[in-house]
Structures are given as structure tokens and as C-alpha cells.
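Here is what each chain is made of, one letter per residue.
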Amino acid sequence: METVKIIFGDKVCELPIIVGSEGEKGIDISNLRKTTGLITLDPGFANTGSCTSAITFMDGEKGILRYRGIPVEDLAEHSIFTETAYLLINGKLPTSQELNQFSVLLNDNSLIHEDMQFFFQNFPRASHPMGIMSAMVTALRSFYPELKINEEEINLTVTRLLSKVRTLAAMSYKISRGHKVIYPRPDLNYPANFLNMMFDNPVRPYYIDNTLVQALNVFWILHADHEQNCSTSTVRMVGSGRVNLYAAISAGVAALWGPLHGGANQAVIEMLESILKSGGDVKRAIERAKDKKDPFRLMGFGHRVYKTYDPRARIMKKMCDKVLDKLKINDPLLDIAKQLEDAAVSDDYFIEHHLYPNIDFYSGIVLRAMGIPTNMFTVMFAIGRLPGWIAQWKESLDDPNWRLSRPRQIYTGLGKTRYTPIDQR
Ligand code: SDX
């Protein structure tokens, strides 16, 4: 086994090098503090691995993304979201019988407790759907307390969550508009059921367009997992305290909400709309993004891991053209997005900083075409990422090396200080 030697004063510490199945190497620092008294410091964990994992492989330099070894391009072309969810969670593609059983279980668990509707009635109308989603996922625990952690119970809890999150999202949309709640239907598949619950209504039955169903399958497959990103690391961190799955997932939803993470898809559309409103001046947007004094960033561009084109963005861009053509929609925001991409990818600043479109750059255009409101874009991301969060949570549960997550720090505050009574301050 390769090792690295750390010489610190009179202490010498030899640390093993862990090698991953795709050749990635890491220094195992488990014994660093014990042998040298040193810890490591890595703001944002850009150089720090939190775990070993067999779920998703990314190569940021080559723009590679694989779920359980299968390239995301192949899954986007040949799979459906529920099959990819099964693959991520169970580690293999299902047989047709297994997929059918999984679909039956998803259907059987697609309703939510009727009392949960009262929760929605009491959220202020302007509540952000991500805040509602995080709260309602935690609330599921009160209605479905899993009795014990065993394989069968975990599978039921996992499937229950996958199915009910989709129902909760559509219900939140309907109730926020004062519309009648539409229930899931046993004859519809996962994405078709979602679209129907969102857009069907008693006086105007919703026509389920298979182009949109397929687009939603691909959209959710592309979002399904992405190794140890901010929200997945949050699910693992919260799960490490052995809290129930609902609480860990609710924390992941909250982490995803941020505009630098999953909230970027909403931020991209708001950015494109503001560029359009100010006359479509793409050049000025690029200059602003490069100006360090200007807080403006090109949302949907850049990535901590990808230093080339995000493979998911490539697929999403093609899907924009396909969906908008089929629906005969001419969205000026897509033209602005393409002009921005053309300008940025040929600009030295973006090339030197390895800034390319990420998944969020085009995804909002597809969601707009489906009629999904902008403030629900990150909820759509969360529904897609749910199988990944669940798979990562399950993997950490089964990991013999998994411990309570509790990072260290370097203290930079005051030395020992006397308490000053209030009448002497
Ligand atoms: C997702 O991790 C994942 O896997 C996430 C995700 C997933 O599937 O889970 O892929 C989903 O979150 C995608 C990212 C969505 N966020 C955005 O699109 C927001 C815009 N992008 C950035 O803010 C930024 O690129 C991040 C947050 C995504 C990554 O930032 P890093 O790795 O912390 O890099 P940084 O902020 O330190 O920037 C490095 C340099 C800086 O310039 P210098 O000071 O070195 O000169 O690049 C510049 C930054 O100013 N930069 C940008 C920029 N992103 C980085 N400049 C202009 N526009 C941008 N978008």
C-alpha cells in the first residue's frame, strides 16, 4: 500500500493512501491527530473526502457521470426515473418483475394522510414551496413513525417517501392557488401522475403529453444523484446521528434550497428574465459576471467538480429544443441562454476559471415549458434528487466505518477571559 509521510517536529506519521475503483487516491488521515496532534483545514471541503461510496462516479475534468457504473447519458436515453431510482437505491437495475413490484408499492403509498392537508391550509400563501416541502417531509415522520430499522421497514419507508414527496409537491401547488386537490391515479406512471396532479382540474381535464412525461423522466434522471454535493453531505451528516430518514431528507431539502446549489435553477430564470427585460444585453451580463466589484454571478455557470461542460447540461440543452419544438413554444429566454453560453465559453475569463454551464443553466427552460411555476423549480430538483439522498443515507447506515459526523476547527477567538458583572461593563 502506498503511504505519505508527515514529519512534524520530532513526530513522524505515515498515512495510508486509499485508492478508489476508478483510480482516485486519497490520504486516510484517521490517525493524523492521534500521532501528530495536527488536524487538517479545508474550507468548503474542496479537497476533503467524507466517505467511500459505490453509488455515483464523477470525473470533473472529463465531464463523466455514472450511476452504479452506468453513464448518465445511457440512463437518460433508455431508462425511466423509477428504474433509475431503483438502481441507485438497490445497486442494480431491476428485473421487470422487481420494477413492477416497485411501481405497485409506489402507487400504494402515493396518498398522504388527509390531516396533512390542514398543514397546507395554514402556510401563508406566499410561502416558498421549498420551505413547505422541508416542513412536510419532517411532518411525515409524525404520521408514519417507522417502528424498527430493518430491511423490510426501510424499503417501505423509502418507497413511501419517494411516492409521497411527489404528491406533497403537487398538493402544495394546488392549495397555494386555492384549486381542488387532484389525487394520484393508479393507471398513471410516476411522472404522468405528477403532471396530472399538478394540472388536471374538474372543468378542464389535463391532456397528458407523452413528450412532457418523457422530458420529466429525463429531467429527474439527470438530477437523481451527484456524489457528495452540499445537500447529500447534509443528509449524510444529519443521518449520522441516527435520526429517522424523514428528518435527514428534510435537512437535505433545506440545503438544496440555496441559490448556489439547487436554488440556482430558479436564479437562472430570474437572471435571464432580468437580462431580457433590460434589452437582452448579453455582453453586459458577461462583463458584470467578470467584475469582482459586482456581486452579479452568471447563475447556472461553474461547478465545484466539473471543470468542463456538465454532461447533464448537454442533455438538458438538447431537451429544451425538443420540448419547445414539440409544444411549438418560442421562449426568448432560451435564445438569451444560448447567446450567454456562446459568449461565455469563448471568453478568456470563463475559460481560465473553467466555468461552463451546469445542470441548472437550461433546466428551468424545460420546466417553464411544462408550466411549472418558477418558485417550484427547486422542488422539482428535490424530487429528482430524492433517490440519491436515500441511496447515500442507506449506504452510510450499512458502512462499518461510518461514525457520527463531527468536524474539528482551528480556534481563533479570545484566550481565557474573566466574567465581568453587568454593573461593571
Ligand atoms: C449545483 O456539487 C454539486 O454536485 C452540485 C450540483 C448537484 O447536482 O448536486 O451539481 C447542483 O449546485 C450546481 C451549481 C449551481 N450553482 C450555480 O450555478 C451558482 C453559480 N455558480 C457559482 O456560484 C459557483 O460556480 C459554484 C458555487 C457552483 C462553485 O463555486 P466554487 O467551486 O466554490 O468556486 P468559487 O466560488 O471559489 O469560484 C472560483 C472562481 C472565483 O473567481 P476568483 O476569485 O478565483 O478569481 O470562479 C469564479 C469566482 O468568482 N466564479 C464565477 C462563477 N462561478 C465561479 N464567476 C462568475 N460567474 C460564476 N457563476
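Relevant structure appears above.
Residues numbered from 1 in each chain as written. Predicted model: local features only at pLDDT ≥ 70, side-chain atom pairs only at ≥ 80, totals over all residues. Heavy atoms only, no water.

(A) Broad picture of the sheet that holds strand S3 (residues 25–27). The strand order across the open sheet formed by three strands is S1-S2-S3, and the pairing between neighbours is antiparallel. Since the sheet does not close on itself, it has two edges, and those belong to strand S1 (3–8) and S3, each with one partner. Averaged over all pairs of adjacent strands, the angle between their axes in this sheet comes to 25 degrees, without regard to strand direction. As paired elements, S1 and strand S2 (residues 11–19) share six bridges and run antiparallel to each other. (Pairing = 2+ DSSP bridges. Helix = DSSP H or I, 4+ residues; strand = E, 2+ residues; numbered from the N terminus. Axes fitted to C-alpha atoms, helices over the stretch in contact; angles between N-to-C directions.)

(B) Broad picture of the pattern of salt bridges. Following the criterion strictly, the structure yields 16 salt bridges and no others. Note that Arg368 and Glu273 form a salt bridge whose closest N and O atoms lie 3.3 Å from each other. Of this pair, Arg368 sits in helix H17 (residues 360–370) while Glu273 is found in helix H12 (residues 264–277), placing the two residues 95 residues apart along the sequence. Of the residues examined, Arg368 reaches a relative accessible area of 29% and is grouped as partly exposed. The partly exposed category is assigned to Glu273, whose relative accessible area is 31%. With a shortest N-O distance of 3.1 Å, Lys317 and Glu341 are connected by a salt bridge. Placement of Lys317 in helix H14 (residues 311–326) and of Glu341 in helix H15 (residues 332–345) is noted, with a sequence separation of 24 residues between them. Taking relative accessible area as the criterion, Glu341 reaches 6% and is therefore assigned buried. One network of salt bridges, with partners in common, ties together Glu273, Asp331 and Arg368. (Salt bridge = Lys/Arg side-chain N within 4 Å of Asp/Glu carboxyl O. Buried < 20%, exposed > 50% of the residue type's maximum accessible area, 1.4 Å probe, protein only.)

(C) Broad picture of the environment of Arg166. The topology assignment puts Arg166 in helix H7 (residues 151–176). The class of Arg166 is buried, set by a relative accessible area of 2%. Between the alpha carbons of Arg166 and Val379 there is a distance of 9.3 Å; along the sequence they are 213 residues apart. In contact with Arg166, other than residues within four places in its own chain, are Leu106, Ser110, Asn189, Tyr190, Asn193, Phe194, Met197 and Ile383. (Contact = heavy atoms within 4.5 Å.)

(D) Focus on the site of the ligand. For the ligand, the set of nearby residues contains 24 residues, the closest of which are His226, Arg297, His303, Arg304 and Arg312. Between Leu260 and the ligand, the recorded distance is 2.8 Å, taken from a backbone N or O atom to a nitrogen atom. A distance of 2.8 Å separates a nitrogen atom of the ligand from a polar backbone atom of Phe301. When isolated, the ligand has an accessible area of 1,100 Å², and the protein chains bury 76% of it. (Near = heavy atom within 4 Å. Polar contact = N/O pair within 3.5 Å; in protein donor to acceptor, adjacent residues only side chain to side chain. Areas by Shrake-Rupley, 256 points an atom, 1.4 Å probe, with all protein chains shown as cover.)

(E) Structural context of the packing of H7 against helix H8 (residues 190–199). Viewed as axis vectors pointing N to C, H7 and H8 meet at an angle of 20 degrees, and their least axial separation amounts to 8 Å. Taken together, H7 and H8 sit at an angle that is classed as roughly parallel. For the pair H7 and H8, the sense of crossing is right-handed. Residues Leu162, Ser163, Arg166, Thr167, Ala169, Ala170, Tyr173 and Lys174 of H7 form the contact with H8, whose own contacting residues are Tyr190, Asn193, Phe194, Met197, Met198 and Phe199. When grouped by side-chain class, the residues that make up the contact of H7 with H8 number nine nonpolar, three polar and two charged. (Parallel < 35°, antiparallel > 145°, perpendicular 65-115°, else oblique. Left-handed = near helix turned anticlockwise from the far one by under 90°. Nonpolar A, V, L, I, M, F, W, Y, C, P; charged D, E, K, R; others polar.)

(F) The arrangement of the sheet that holds strand S6 (residues 70–71) in detail. One open sheet accounts for three strands, arranged S4-S5-S6; its pairing is antiparallel. A strand with exactly one partner marks an edge of an open sheet, and here the two such strands are strand S4 (56–59) and S6. Examined bridge by bridge, S4 and strand S5 (residues 64–67) share four bridges and lie antiparallel to one another. The residue bridging Met58 from the neighbouring strand is Leu65, located in S5.

(G) View of the packing of aromatic side chains. Taken as a whole and assessed by the stated rule, the structure comprises twelve aromatic pairs. Between Phe81 and Tyr190 the ring centres are 5.4 Å apart and the planes differ by 55 degrees, which places this aromatic pair in the tilted class. Of this pair, Phe81 sits in helix H3 (residues 81–90) while Tyr190 sits in helix H8; the two residues are 109 residues apart in sequence, bridging distant segments of the chain. Here the two residues Phe81 and Tyr190 agree in accessibility, since each one is buried. Judged by centre distance (4.9 Å) and plane angle (80 degrees), the ring pair of Phe361 and Tyr362 falls under edge-to-face. For Tyr362, a relative accessible area of 0% translates into the label buried. Each residue in the set Phe301, Tyr349, Phe350, Phe361 and Tyr362 is aromatic and connected to the rest through ring pairs, giving one cluster. (Phe/Tyr/Trp six-rings, centres within 6.5 Å; stacked < 30°, edge-to-face > 60°.)

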